[in-house]
Amino acid sequence: MPSAWLIGPLVIKSELVLLIGSFLLGIVFFRFISPYSKLETKKRIDKIMNLFIMFVVFLWLGKIITNLSTFINDPLPILAYPSDSKAFYVAVALSIVYVKLKLAKDYNQAMDVLYAWLIVFFTASFVYGFVQMIFGAAVFSWQYLGLIVLLLILFILQQDKLSKENLVFTGLLSWSIGQWLLAIFSRTTVFQFNLSHWFYAVVLVGSVILTIYGKKVKQ
């Protein structure tokens, strides 16, 4: 796979094209297996598309924030350089705030957004990792792809049996623990981002806190 394509004066990196394509396939897959009505499915897809676009914007903001002094002196290299893990952390934090303020006004809405997002995210992760491995240009492992496949099977088979919040909790818990264990033996990534062990620990703790909060809300 070429590292980039030249379209006139524009340089389009292959990772960006693959990332967008992976998420589009994830959205198609969610639409196919969605347990919601067509109208409700469309609403959730609209929110996921909105969240994905904002996440990309937040990645750019994160890249600027974490390289602010360099950006002030010479902005073009910062804008052209790929986002790193620090920018990813900033984007995740801003996305959580965005979901809370714009996409989910209460706990149940947050669960609906997270449920749809996890299916899209897991599908996109599998497509992205599989394509990268096929072209021999990735640090992804078959163990990671196996973890993703198991989580997708869980969501498909149990979405009519378990509550959405239980699936969200199980998905976040299993993914974070699985990534942390895989990181012991090899380098792990989320798409092209090399993430620290503490990030998976934060996701793990966050999923537990979210579950405890949900129980209090329902009391």
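Note that this is a predicted model, so its numbers are computed, not measured.

**Side note on the nonpolar core**
- Counting 57 residues, the largest nonpolar core has Phe88, Phe122 and Trp175 as its most contacted members.
- If you list the elements that add at least two residues to this core, you get helix 1 (14-33), helix 2 (38-66), helix 5 (85-103), helix 6 (107-134), helix 7 (142-158), helix 8 (164-185) and helix 9 (197-218).
- The element best represented in this core is helix 6, accounting for 16 residues.
- Those residues in contact with Trp175 that sit more than four places away from it in its chain are Phe121, Phe122, Tyr144, Leu147, Ile148, Leu151, Val190, Phe199, Tyr200 and Val203.

**A word on the pattern of salt bridges**
- For the structure on display, the rule yields four salt bridges.
- Residues Arg44 and Glu40 are paired through a salt bridge, measuring 2.6 Å at the closest nitrogen-oxygen approach. Placement of the pair is Arg44 and Glu40 together in helix 2, with a separation of four residues, close to one helical turn.
- Residue classification places Arg44 among the buried residues on the basis of a relative accessible area of 12%.
- Judged by its relative accessible area of 27%, Glu40 is partly exposed.
- Members of the salt-bridge network, linked through shared partners, are Glu40, Lys43, Arg44 and Asp112.

**Here's the deal with the confidence of the model for the protein**
- Per-chain confidence: the protein averages 82 in pLDDT, with 84% of residues scoring 70 or above.
- For residues 4-11, every residue scores under 50 in pLDDT, and the model assigns this stretch 11 contacts once sequence neighbours within four places are set aside.

**A look at helix 7**
- In a regular helix each residue adds 1.5 Å, so 17 residues correspond to 24 Å; helix 7 covers 24 Å between its end C-alpha atoms and thus fits that length.
- Every buried residue of helix 7 is accounted for by Tyr144, Leu145, Leu147, Ile148, Leu151, Leu152 and Phe155. End-on view of helix 7: buried residues confined to an arc of 155°, all on one side of the axis. Every exposed residue of helix 7 that faces more than 90 degrees away from the buried side is listed here: Trp142, Gln143, Leu150 and Leu157.

**What about the packing of helix 2 against helix 5?**
- Contact geometry for helix 2 and helix 5: axes closest at 7 Å, N-to-C directions at 135°. Relative to helix 5, helix 2 is oriented oblique. Judged by the sense of rotation from one axis to the other, the crossing of helix 2 with helix 5 is right-handed. Taking contact as the criterion, the partners of Lys47, Asn50, Leu51, Met54, Phe55, Phe58, Leu59, Gly62, Lys63, Ile65 and Thr66 in helix 2 are, on helix 5, Lys86, Ala87, Phe88, Val90, Ala91, Val92, Leu94, Ser95, Tyr98, Val99 and Leu103.

**Let's talk about the packing of aromatic side chains**
- As enumerated under the stated definition, the model contains 21 aromatic pairs in all.
- Consider the rings of Phe88 and Phe193, whose centres lie 4.9 Å apart with planes at 35°: the pair is tilted. With Phe88 in helix 5 and Phe193 in strand 4 (residues 193-194), this pair connects stretches of sequence that are 105 residues apart. When sorted by exposure, Phe88 lands in the same class as Phe193, which is buried.
- Relative to Phe122, the ring of Phe121 lies with its centre 5.8 Å away and its plane at 55°, an arrangement referred to as tilted.
- Over the aromatic face of Trp60 sits the side chain of Lys63, whose NZ or CZ is 4.4 Å from the ring centroid.

Calculation notes
- Residues numbered from 1 in each chain as written.
- Predicted model: local features only at pLDDT ≥ 70, side-chain atom pairs only at ≥ 80, totals over all residues.
- Heavy atoms only, no water.
- Core = buried A, V, L, I, M, F, W, Y, C linked by side-chain atoms within 4.5 Å.
- Buried < 20%, exposed > 50% of the residue type's maximum accessible area, 1.4 Å probe, protein only.
- Helix = DSSP H or I, 4+ residues; strand = E, 2+ residues; numbered from the N terminus.
- Contact = heavy atoms within 4.5 Å.
- Salt bridge = Lys/Arg side-chain N within 4 Å of Asp/Glu carboxyl O.
- pLDDT = per-residue confidence, 0-100.
- Expected span 1.5 Å × (residues − 1).
- Arc of directions from axis to C-beta.
- Axes fitted to C-alpha atoms, helices over the stretch in contact; angles between N-to-C directions.
- Parallel < 35°, antiparallel > 145°, perpendicular 65-115°, else oblique.
- Left-handed = near helix turned anticlockwise from the far one by under 90°.
- Phe/Tyr/Trp six-rings, centres within 6.5 Å; stacked < 30°, edge-to-face > 60°.
- Lys NZ or Arg CZ within 6 Å of the ring centre and 35° of its normal.

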